[in-house]
Amino acid sequence: MSESDDTPLDAVRPKLVETKQRWAAEGRLLTDKPVKPHRLPDQRLPPGQHLVQDWPVLDLGVQPDVPPERWRLQIDGLVDRPIALDWAAFKGQPRFHDVSDMHCVTSWSRYDNAWEGVGAKHLLALVQPKPEARFIVFHSYDGYTTNLPLAEFDRDDALLADSWQGEPLTRVHGGPVRAIVPQLYLWKSAKWINRIEFIAADRSGFWEVRGYHDHGDPWTEERYS
Ligand SMILES: Nc1nc2c(c(=O)[nH]1)N[C@H]1C(S)=C(S)[C@@H](COP(=O)(O)O)O[C@H]1N2
Ligand SMILES: [Mo]
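Residues numbered from 1 in each chain as written. Chains lettered and ligands numbered in written order. Predicted model: local features only at pLDDT ≥ 70, side-chain atom pairs only at ≥ 80, totals over all residues. Heavy atoms only, no water.

(A) Region of the structure containing the sheet that holds strand 11 (residues 193-199). Taken in spatial order, the five strands make up an open sheet running 3-2-11-6-7, and their pairing is mixed. Strands at the two margins of the open sheet, each flanked by one partner only, are strand 3 (83-86) and strand 7 (145-149). Ignoring strand direction, the axes of neighbouring strands in this sheet form an average angle of 15°. Pairing of strand 6 (residues 135-140) with strand 11, which is carried by six bridges, proceeds in the antiparallel orientation. Across the sheet, the residue bridging to Phe138 is Ile196, located in strand 11. Where helix 3 (residues 120-127) meets the sheet, it contacts strand 2 (72-77), strand 3 and strand 11, and its direction lies at approximately 130° from that of strand 3. (Pairing = 2+ DSSP bridges. Helix = DSSP H or I, 4+ residues; strand = E, 2+ residues; numbered from the N terminus. Axes fitted to C-alpha atoms, helices over the stretch in contact; angles between N-to-C directions. Contact = heavy atoms within 4.5 Å.)

Dropping the structure here:
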């Protein structure tokens, strides 16, 4: 498995990447609680997380400036109907609203984020994944990639978001459009998204090749591999 290298990542902050890679190797932030196979009904904060009210910014240190009129989204790979959406086409899709919590592997969680954009279920119906498509890779304008099982995107609360708490998504948080896959750690939710690639065999993304867990379920603390 290797990370896609169709965009150079030479502008990323090497120290930041080294630090997080070392944390992954050391298993930093892992609690010693036994793995919980299921989320308890009254449990909202995953193990090892703490609640924040603000919204921290985390990325590779490159925050691409993509004005909506230049933004494009390509959805391709193992799908029957590959598409490319520009801003007008994206905004012309049925609108989807969802409120969800976010959980970052660096241990903060933030509740009740009101997202608006285009739902994953709708996008999947548009492109019609082939039966052999089992994983997807998000690709972003900063060269970031992250992989997930198709089944994790095919969920009622996954979306491509262009709005948060009723306001356009800001550039620092991945605007004009980012992925939101709330049931996985936030590194799976690619900011500045510009491509969704459907593939048959799993292929690790940027952090996944650097020691982060392939799957990333906060409830079972799938932080590092
Ligand atoms: N394109 C892109 N998406 C990204 C990242 C990145 O560096 N580039 N970082 C990931 C990580 S590690 C986290 S924790 C979240 C942070 O999102 P936020 O800055 O909006 O809190 O974005 C994820 N998506
Ligand atoms: Mo992160």
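(B) Just the pairing of strand 7, in detail. Most of strand 7 is tucked away, with four of its five residues classed as buried. For strand 6 and strand 7, the ladder comprises five bridges, and the chain directions are antiparallel. Each residue of the ladder has a partner; that of His139, found in strand 7, is Thr145. Taken together, strand 6 and the strand that follows it, strand 7, pair antiparallel across an intervening segment of four residues, in which Gly143 is found at a positive phi of about 95°. (Buried < 20%, exposed > 50% of the residue type's maximum accessible area, 1.4 Å probe, protein only.)

(C) Representation of the pairing of strand 3 within the structure. With four bridges connecting them, strand 2 and strand 3 associate as antiparallel partners. From the neighbouring strand, Arg72 faces strand 3, where its bridge partner is Asp86. Where strand 2 hands over to strand 3, the hairpin turn is made up of five residues, counted between the paired strands.

(D) The arrangement of the nonpolar core in detail. Formed by 40 residues in total, the largest nonpolar core has its most connected members in Phe138, Phe153, Leu160, Ile196 and Phe198. Secondary-structure elements contributing two or more residues to this core are helix 1 (14-26), strand 2, helix 3, strand 6, helix 4 (150-153) and strand 11. In terms of residue count, the dominant contributor to this core is helix 3 (four residues). The next biggest cluster of nonpolar side chains, apart from the first, holds 11 residues, and it includes Val52, Met102, Leu169 and Ile180. (Core = buried A, V, L, I, M, F, W, Y, C linked by side-chain atoms within 4.5 Å.)

(E) Geometry of the pattern of salt bridges. The final tally for this structure, using the stated rule, is 16 salt bridges. The shortest N-O distance in the salt bridge between Asp65 and Arg171 comes to 3.9 Å. Pair noted here: Asp65 is in the loop between strand 1 (50-51) and strand 2 and Arg171 is in the loop between strand 9 (167-168) and strand 10 (178-180), with a separation of 106 residues, a long-range link. Of the residues examined, Arg171 reaches a relative accessible area of 41% and is grouped as partly exposed. Residue Arg95 pairs with Glu116 through a salt bridge whose shortest N-O separation is 3.2 Å. Highlighted residues: Arg95 in the loop between helix 2 (87-91) and strand 4 (96-103) and Glu116 in strand 5 (residues 108-119), separated in sequence by 21 residues. We classify Arg95 as partly exposed; its relative accessible area is 30%. Judged by its relative accessible area of 22%, Glu116 is partly exposed. One salt-bridge network, held together by shared partners, links Asp76, Arg195, Glu197 and Arg203. (Salt bridge = Lys/Arg side-chain N within 4 Å of Asp/Glu carboxyl O.)

(F) Inspection of the site of ligand 1 at higher detail. The local shell around ligand 1 holds 21 residues, among which Pro56, Asp142, His173, Arg178 and Lys191 are the closest. One nitrogen or oxygen atom from the main chain of Pro56 is found 2.7 Å from an oxygen atom belonging to ligand 1. Asp142 places a polar side-chain atom, nitrogen or oxygen, 2.7 Å from a nitrogen atom of ligand 1. Counted by class, the shell around ligand 1 contains 13 nonpolar, three polar and five charged residues. (Near = heavy atom within 4 Å. Polar contact = N/O pair within 3.5 Å; in protein donor to acceptor, adjacent residues only side chain to side chain. Nonpolar A, V, L, I, M, F, W, Y, C, P; charged D, E, K, R; others polar.)

(G) Representation of the side chain of Gln183 in the model. As for its position among the elements, Gln183 is in the loop between strand 10 and strand 11. Polar side-chain contacts of Gln183 include one of 2.7 Å to the side chain of Glu152.

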